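Structure assessment
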Amino acid sequence: MTPDWCTIRAFVSSESPFVMSVFSRRTALAVLAGAAAAAPLCAAAQAPAAWPSRPMRIIVAYPAGGVSDVVARALAERLAVSLAVPVTIENKAGASGVIGVDAVAKAAPDGTTFGFAAISPVALNPHLGRSPFDPARDLVPVASVMYSPVMLLATPAMAARDFRTVLAAAQARPGAVRWATSGQASLGHVMLEQLKASARLDITHIPYKGGGQQMNDALGGHFEILSTNASPAVAQHIRGGRLVPLAIGAPARMESLPTVPTLAELGYPAANLSSLFGVFAPGRTPPAIVERMNAEIGRALQDPALRQQLLATGNVPTGGSASDFARQIAAESAANARIVRTAHITGD
């Protein structure tokens, strides 16, 4: 049987961390040498001059009206102009983003379907044994779009107003400090387990199912610590003094809260996690389409109006190459795998 050199060449040439974990450097070079003769044919097959010639859709893995949906719609508006085709948004929410990402994974790899989601369904859920898709086979990282800082907030039930005092309280009274997250095996839960392991603390985890009840209980002082993504609603409660920011999980301090340190600054880099959001394509989407889409997203993220829209919601625009995005996913996936094993986290 004649090898499908176009598929093999694209697979090895992707520089994805998933791929390079399968092929040694020497093997990869040998395969590429064998496929060199097919390069012109592959280029023609993978870079159709007419793309995009049909309407496109972006599947958003979260409900309409939320911050991620608003950002995806703003991005779609700019892509529709730059690509000169209609770009529509389709919301497929549920299972913390897994349902929407699974819909992308099962779509045709023809450049008409992309997805917008946090990387947790790709970098965390597979380690919990509850992923209906194989991230390495069924998805292609296209572009990082933004990161959403994870904020640690003191509720009215916590007298302490700085992070180190909270840690001291947790050490003095094991199990007495309660930390609420958006759910079992959520990013906030992973952060908590990383912090417990690093600081050797006993903090009680309070998992919720959904943000509405979690926020109501936080304001009512039903627990001491709340971890949640930055949002206009959270900013409003901070300004009103009902929630007090203690620390954030993010690569850098937030412009709107310059005095609030990151967990890395406080000495807990393993717990310094934020929600990274980006665009994905179905597996086997031609590399030329991925590269073009990445470039268009990068240009859109340079739009001052879009950047300001992101910053106003507490989120930070990112960008970068598709391979950079793949490396970020691989690094977080490896870190999640370690803490899931160590802390015996399950998806139940």
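Residues numbered from 1 in each chain as written. Predicted model: local features only at pLDDT ≥ 70, side-chain atom pairs only at ≥ 80, totals over all residues. Heavy atoms only, no water.

**A look at the side chain of Ser68**
The condition that has to hold: A helix here means a DSSP run of H or I that spans at least four residues, while a strand means a run of E at least two residues long, and both kinds are numbered starting from the N terminus. Residue exposure (1.4 Å probe, protein chains only): buried if accessible area is under 20% of the type maximum, exposed if over 50%, otherwise partly exposed. The criterion used for residue contact is that any of the two residues' heavy atoms lie within 4.5 Å.
Within the fold, Ser68 resides in helix α5 (residues 67–83). Residue Ser68 is classed as buried on the basis of its relative accessible area of 10%. Excluding its chain neighbours within four sequence positions, the residues that come into contact with Ser68 are Tyr62, Phe116, Met146 and Phe277.

**Here's the deal with the pairing of strand β4 (residues 139–148)**
Inclusion rule: For two strands to pair, DSSP has to find at least two bridges joining them.
For β4, the buried fraction is high: 9 of the 10 residues fall into the buried class. Here β4 pairs with strand β10 (residues 275–282) via 8 bridges, running antiparallel. Directly across from Ala143, in β10, lies its bridge partner Val279. Of the strand pairs in this sheet, β4 and strand β11 (residues 316–317) are connected by 2 bridges, and their pairing is antiparallel. Considered in β11, the bridge of Met146 is made with Pro317.

**Here we look at the packing of aromatic side chains**
Applied cut-off: Stacked, edge-to-face and tilted are the three classes for Phe, Tyr and Trp ring pairs, Trp counted by its six-membered ring, which pair at centre distances within 6.5 Å; planes under 30 degrees apart are stacked, over 60 edge-to-face, the rest tilted.
For the structure shown, the criterion picks out 5 aromatic pairs. Geometrically, the ring pair formed by Tyr62 and Phe277 is edge-to-face, given 6.0 Å between the ring centres and 65° between the ring planes. Here Tyr62 is found in the loop between β1 (56–60) and α5, whereas its partner Phe277 is found in strand β10, with 215 residues between them in sequence. The exposure class assigned to Tyr62 is buried, which follows from its relative accessible area of 16%.

**A look at the sheet that holds strand β6 (residues 178–181)**
In any sheet, the strands associate via hydrogen bonds between backbone groups, in a parallel or an antiparallel arrangement. Under the convention used in this document: As a rule, the C-alpha atoms of each element are fitted with a line to give its axis, helices using only the stretch in contact, and angles between N-to-C directions run from 0 to 180 degrees.
The sheet built from 5 strands is open, its strands ordered β7-β6-β8-β5-β9 with mixed pairing. Single-partner strands in this sheet number two, and they are β7 (204–207) and β9 (244–249). Going from strand to strand, the sheet's axes swing by 25° on average, the running direction of each strand aside. As paired elements, β6 and β7 share 4 bridges and run parallel to each other. Paired with Thr181 across the bridge in β7 is Pro207. Each of β5 (150–154), β8 (225–229) and β9 touches helix α12 (residues 232–239); the most contacted strand, β5, lies at about 30° to it.

**Some remarks on the pairing of β6**
Note the following rule: When the strands point away from the viewer, a crossover counts as right-handed if the path from the first strand over the helix to the second runs clockwise.
Note that the unit made of β6, helix α10 (residues 187–199) and β7 has a crossover that is right-handed. Taken together, the 2 bridges between β6 and β8 define a ladder with parallel strand orientation. Residue pairing for β8: Ala180 is matched across the bridge by Leu226.

**Considerations on empty space enclosed by the protein**
Here is the rule: Here a cavity is any set of points on a 1 Å grid over the protein atoms alone where a 1.4 Å probe fits but cannot get out, and a pocket is any open set with protein on both sides within 12 Å along at least 5 of 7 lines; a residue lines the site when it has an atom within 4 Å of a point. Grid points are joined across faces, edges and corners, and a volume is the space filled by probe spheres set on the points. When residues are sorted by character, Ala, Val, Leu, Ile, Met, Phe, Trp, Tyr, Cys and Pro go into the nonpolar class, Asp, Glu, Lys and Arg into the charged class, and all the rest, Gly among them, into the polar class.
Counted under the stated rule, the structure contains 1 cavity of 30 Å³ or more. Space inside the largest cavity adds up to approximately 50 Å³. A total of 3 residues in the lining of the largest cavity trace back to one element, the largest contributor, which is helix α9 (residues 163–172). Split by residue class, the lining of the largest cavity holds 9 nonpolar, no polar and no charged.

**Some details on the nonpolar core**
The line we're drawing: Only buried Ala, Val, Leu, Ile, Met, Phe, Trp, Tyr and Cys residues count toward a nonpolar core, and they belong to the same one when joined by side-chain atoms within 4.5 Å.
Grouped together as the largest cluster of nonpolar side chains are 70 residues, with contacts concentrated most on Phe114, Phe116, Val142, Val145, Met151, Met293 and Ile297. Every residue in contact with Phe114, bar those within four places of it in the chain, is listed here: Trp51, Met56, Arg57, Ile58, Ile59, Val104, Val142, Val279, Phe280, Ala281, Ile289 and Met293. If you look at the next biggest cluster of nonpolar residues, it comprises 34 residues, including Met191, Leu195, Ala199 and Ile203.

**Focus: helix α6 (residues 98–105)**
At 3.6 residues per turn, the α-helix brings residues three or four places apart onto the same side. Most of α6 is tucked away, with 7 of its 8 residues classed as buried. Here α6 has its buried residues at Val98, Gly100, Val101, Asp102, Ala103, Val104 and Ala105. As for α6, its buried residues are in contact with β1, β3 (113–118), α7 (120–123), α8 (135–138), β4 and β10.

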